[in-house]
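Chains, contacts and geometry: an overview
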Amino acid sequence: MFTQLAWRNIWRNPRRTAIILTAIFIGVFSMIIFAAFSRGMADGMVDNAIDNLVGHIKVQHPDYRSDPDISHRLPDPNAITAELKSLLPTGAKITPRIRVEGVVANARETAGVEIVGIHPGMEMGVSFIGDAPMDGRLIEDGDKNGIVMGAALADRFQTEVGKKLVLTTQQADGETGSRAFRIRGIYRSEIEATEKAYVFISYTAAEQLMGEKNCATEIAVTLPKEYRNGRLAPLVQKCRDALEPYHVSVNGWKDLMPAISAYLAMFDAFLYIWFVVVFIAMGFGIVNTVLMAVYERMREFGLLKAIGMRPSWIVRMVLGESFFLLAAGCAAGTICGMAVTYYYGHAGIDLGAFAQGVKMWGMSRVIFPAIEIGDVVAANAVVVVLGLVVSIYPAVKAARFTPVETMRQN
Amino acid sequence: MKYRMLCCLVSMIVLFPLSVCAEDGAPIVEKAFEYMRGETSVAVVEMTIQRPDFTRTMVMKSWTKGKTDALFFIESPPRDAGNGTLKKGRDMWIFNPKVNRTIKLPPSMMSQAWMGSDFSNDDLSKTDSLVEDFTHTISNVREENGLKIYDLASIPHEGAAVVWGKLELTIREDGVLLREAFFDEDNQLVKEMITREIANLGGRLFPRVWIMKKAGETERFTQITYKELAFDEALPPNLFSLSSLKTKRR
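These numbers come from a predicted model, not from an experiment.

**Considerations on the overall build of chain B**
Scanning chain B from terminus to terminus reveals 5 helices and 13 strands. The buried share of chain B, reckoned over its 250 residues, is 27%. Of all intrachain contacts in chain B linking residues separated by at least 6 positions in sequence, the fraction that spans at least 24 positions is 42%.

Structural data, given as structure tokens:
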């Protein structure tokens, strides 16, 4: 009976109902869109960061991260690779790299860069360089004097494919080594800082530059999709235990990029704060509308009381009214929000217009909003539960009216 | 048969100057290198760094030995006195008396300016590269005051760790270096060193003034003027060592 009464009551003033429904709709809609957008942004950022020569699991010398020096190279990288192969699920891609700091120079310019010796064939689908858009071409395995540099760096050096660069770095024995390279390709990356940070040479060339065979400084692992999040930690632990005798450090991407993981945690908190802020704005609207609806019907409540309706029933009726409003608004908002994010989740939102600013934050240029069921549930729960809580006030008000009081009002 | 010999003779006559032009210039460069550095050398030079808004002059004492070893100390101004540079092989160390420390120059600093001048650390550290990393060909020979002057085009060996696309050297017959120009791979001039005022220094003819200038600059250059110079003096053993860099041996 209460539901029926409540349902009928809300349609007695369709205009007011429409306004409050719109408010709830916009609130929920914006919560979902915002959540999806920021999730998409965060995902893009994480993907970019992992692509940026990080990988999901990385094996390094324990001191390499604090002092990226060739003397902190891996002991016996071949054995470690073989060990990893036996531990990791099929589909995992394992690639060793030689990464050292060095200097790249041509006749006019010099820049400090990170020299990365890679197996070009193995980088496909592992790091950005494997399939980066490129002028010229990527170096090949065993290329002794080929180098690939970033477009931003090439701009600064006023150089192009086919020209010469000289790399200088500290060799494995501590001496200074330098070699000449020819530019085979100039890659572009989403982030300009990346283009300036890395030059790539083949693993063989890097070995020669370092004057040491098999001097990989890291082994990076890219995992199949299902292992990337929840199932990552046990896998890392398994590798850590197995590689114990080599005295190496094994880390998952969350440990490798503490700034990113901290940012992700902050993101969650930030999202819920946003939900509450949106709700507070909306909450006042709800209280106001329901209160108005209640005061307008004072006489009616008095009458109901007079014919024997219990105060608790009145509370239930008023709460029922707000519940219908909230539920309808939430449903509409959720459906529209999901539809819009679904569309953009495939098409992507191009932030090309703000590319400069976006790049600075290490985000992708195109963002694919991602719906997370948890966020949708949270948004709806916040609105419905808190909506009902704030409606208690007008409901109790309504229940307190005495018949005599209401008669006297008019 | 006669005709053939004639042909041969004609072609020899015609081609002879050409073959001179394409002659290997390595011996000339090697000779110049030895001439300019001697087995050992001791010098006092004044280095003037000219900039649009200031001019800085310092006096330095230097010792060199063979192709690769060198030691420099600043003598004045007093503020910089005692700053030293040691070069052994291709490695360089600098010493600053204020912090009483020697620092081995890392690769990242090799292409930076040496003591704020237009010379880079690389110019100093890779002196022997000129002999080892380049193919020198004589592009022109002319005569001045009875001495032949060779223009050489020096192309770095493929694979040599040299940033330049080409060097141009002008060397006098007796081994005096007159000009060294550095070009990038597009054959654009990057910087140029010229020497002037050839005088009798340390018992041989030697340019007193050396000027290093970046291409397109008129107000910025570095000039080195030799005040004293002596060749082939006996140097104390272990002069080119870190300890003498620290103790500022004179």
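**Things to note about the overall build of chain A**
Looking only at helices and strands, chain A features 14 helices and 12 strands. In terms of C-alpha radius of gyration, chain A reaches 31 Å, well past the compact-globule figure of 22 Å for 410 residues. Principal axes of the C-alpha set define a box for chain A whose edges measure 100 × 50 × 30 Å. Within chain A, counting contacts between residues at least 6 apart in sequence, those at least 24 apart form 81% of the total.

**What to know about unusual backbone geometry**
The amide bond that connects B:S76 to the next residue, B:P77, takes the cis arrangement and shows omega of 0 degrees. Tracing the sequence through the fold places B:P77 in the loop between β3 (69-76) and β4 (84-88). Positioned with a positive phi, A:H247 is a non-glycine residue whose angle comes to about 55 degrees. One can find A:H247 in the loop between α7 (232-242) and β10 (249-252). Overall, A:H247 belongs to the exposed group, with 10 C-beta atoms counted inside 10 Å.

**Observations concerning the interface of chain B and chain A**
Facing 17 residues of chain B, the contacting portion of chain A comprises 19 residues. Taken together, the residues of the side of chain B that touches chain A break down into 9 nonpolar, 4 polar and 4 charged.

**Concerning the domain arrangement of chain A**
Domain assignment breaks chain A into domain 1 (2-49 + 260-409) and domain 2 (55-256). Taking only C-alpha atoms, the centre of domain 1 of chain A and the centre of domain 2 of chain A are 49 Å apart.

**Looking at the pairing of strand β6 (residues 101-104) of chain B**
In the sheet, strand β5 (residues 91-96) of chain B pairs with β6(B) via 4 bridges, with the strands oriented antiparallel. In the sheet register, B:N96 faces β6(B), and the bridge partner there is B:R101.

**A closer look at the nonpolar core**
All names here are of chain A. Counting residues in hydrophobic clusters, the biggest one holds 83 residues, and the most contacted among them are I147, V199, F200 and I201. Shared between two domains, this core holds at least three residues of each, these being domain 1 (2-49 + 260-409) and domain 2 (55-256). In this structure, V199 is in contact with V104, V113, I115, I147, V148 and M149, ignoring residues within four places of it in sequence. In this structure, V28, F29, I314 and A399 belong to the second largest nonpolar core, which totals 38 residues.

**A few points about the environment of A:V318**
Residue and element names in this part refer to chain A. Within the fold, V318 resides in helix α11 (residues 311-347). Residue class for V318 comes out buried when judged on the 29 C-beta atoms lying within 10 Å of it. Residues V318 and A339, spaced 21 residues apart in sequence, show a C-alpha to C-alpha distance of 32 Å. Beyond its immediate chain neighbours, meaning those up to four positions away, V318 contacts V290, V294, S391, P394, A395 and A398.

**Some points on helix α10 (residues 298-306) of chain A**
All names here are of chain A. Those residues of α10 that sit buried are F301, G302, L304 and K305. Each buried residue of α10 lies within a common arc of 160 degrees when the element is viewed along its axis, so the set occupies one face. Once α10 finishes, G308 follows within two positions and takes phi at roughly 105 degrees, a positive value.

**A look at the environment of B:F206**
Residue and element names in this part refer to chain B. Considering the arrangement of structural elements, one finds F206 in strand β12 (residues 204-214). Judged by C-beta crowding, with 23 C-beta atoms within 10 Å, F206 ranks as buried. For the pair formed by F206 and V176, sequence separation is 30 residues and the distance between their alpha carbons is 6.5 Å. In this view, F206 contacts V176, I198, A199, L201, Y226 and L229; residues no more than four positions away in its chain are not counted.

**Focus: helix α2 (residues 26-37) of chain B**
Residues and elements named next belong to chain B. Helix length check: α2, at 12 residues, gives a terminal C-alpha distance of 16 Å against a target of 16 Å (1.5 Å per residue), a fit within 8%. Within α2 the residues assigned to the buried category are I28, V29 and A32. Projected down its long axis, α2 carries its buried residues within an arc of 95 degrees, all on one side. At the exit of α2 stands G38, carrying a positive phi of roughly 65 degrees.

**Observations regarding the packing of helix α1 (residues 2-10) of chain A against α11(A)**
All names here are of chain A. Axis separation between α1 and α11 bottoms out at 8 Å; the angle between their running directions is 55 degrees. Classified by the interaxial angle, the pair formed by α1 and α11 is oblique. In terms of crossing hand, the pair formed by α1 and α11 is right-handed. On α11, the residues that touch F2, T3, L5, A6, W7, N9 and I10 of α1 are W313, R316, M317, G320, E321, F324 and L325. When its residues are assigned to classes, the contact of α1 with α11 shows 9 nonpolar, 3 polar and 2 charged.

**Notes on the packing of helix α2 (residues 14-51) of chain A against helix α13 (residues 373-400) of chain A**
What describes two packed helices is the angle between their axes and the distance between those same axes. Residues and elements named next belong to chain A. Two numbers describe how α2 lies on α13: the axes approach to 10 Å, and their chain directions differ by 150 degrees. Here α13 runs roughly antiparallel to α2, going by the angle between their axes. Crossing of α2 over α13 shows right-handed handedness. For the pair formed by α2 and α13, the contact residues are I24, G27, V28, M31, I32, A35 and R39 on the first element and D375, V376, A379, N380 and V383 on the second. Looking at side-chain class alone, the contact of α2 with α13 contains 8 nonpolar, 2 polar and 2 charged residues.

**Observations regarding the confidence of the model for chain B**
Residues and elements named next belong to chain B. Summary statistics for chain B give a mean pLDDT of 83 and a share of 90% for residues scoring 70 or more. Within chain B, no element has a lower average pLDDT than helix α1 (residues 2-21), which sits at 51, and none a higher one than strand β10 (residues 177-183), at 91. Per-residue pLDDT stays below 50 along residues 14-21; that stretch engages in 2 contacts with residues further than four places along the chain or on separate chains.

Cut-offs applied
Counting restarts for each chain, with residues numbered from 1 along the sequence as it is written. Labels follow written order: the first chain is A, the first ligand is 1, and so on. The predicted nature of this model means local features are confined to residues of pLDDT at least 70 and side-chain atom pairs, given and counted, to a pLDDT of 80 or more, with totals for whole chains, interfaces and linings taken over all residues. Only runs of H or I of at least four residues qualify as helices and only runs of E of at least two qualify as strands under DSSP, and these elements are numbered from the N terminus. Labels follow a simple rule on C-beta atoms placed from the backbone: if 20 or more others lie within 10 Å of a residue's own, it is buried; if 12 or fewer, it is exposed; otherwise it is partly exposed. We call two residues in contact if the C-beta atoms placed from their backbones are at most 7 Å apart. Between the two quantities, the radius of gyration covers C-alpha atoms and the globule rule is 2.2 Å times the number of residues to the power 0.38. In this classification, Asp, Glu, Lys and Arg are treated as charged, Ala, Val, Leu, Ile, Met, Phe, Trp, Tyr, Cys and Pro as nonpolar, and every other residue, Gly included, as polar. The split into domains, and so the bounds of each, comes from an automatic or database assignment of domains. Paired strands, as defined in this entry, are two strands with at least two bridges between them according to DSSP. Note on definitions: a nonpolar core is a set of buried residues drawn from Ala, Val, Leu, Ile, Met, Phe, Trp, Tyr and Cys, linked by C-beta atoms within 7 Å. As used here, the arc belongs to the directions running from the helix axis to the C-beta atoms. By this rule, a helix spans an expected 1.5 Å times one less than how many residues it contains. Fitting a line to C-alpha atoms yields each axis, with helices limited to the stretch in contact; the angle taken between N-to-C directions then spans 0 to 180 degrees. Orientation categories follow fixed angle ranges, with anything under 35 degrees roughly parallel, anything over 145 roughly antiparallel, 65 to 115 roughly perpendicular, and all other angles oblique. Crossing handedness follows the turn of the near helix against the far one: under a right angle anticlockwise gives a left-handed crossing, and clockwise gives a right-handed one. Values of pLDDT, the confidence the predictor places in each residue, fall between 0 and 100.

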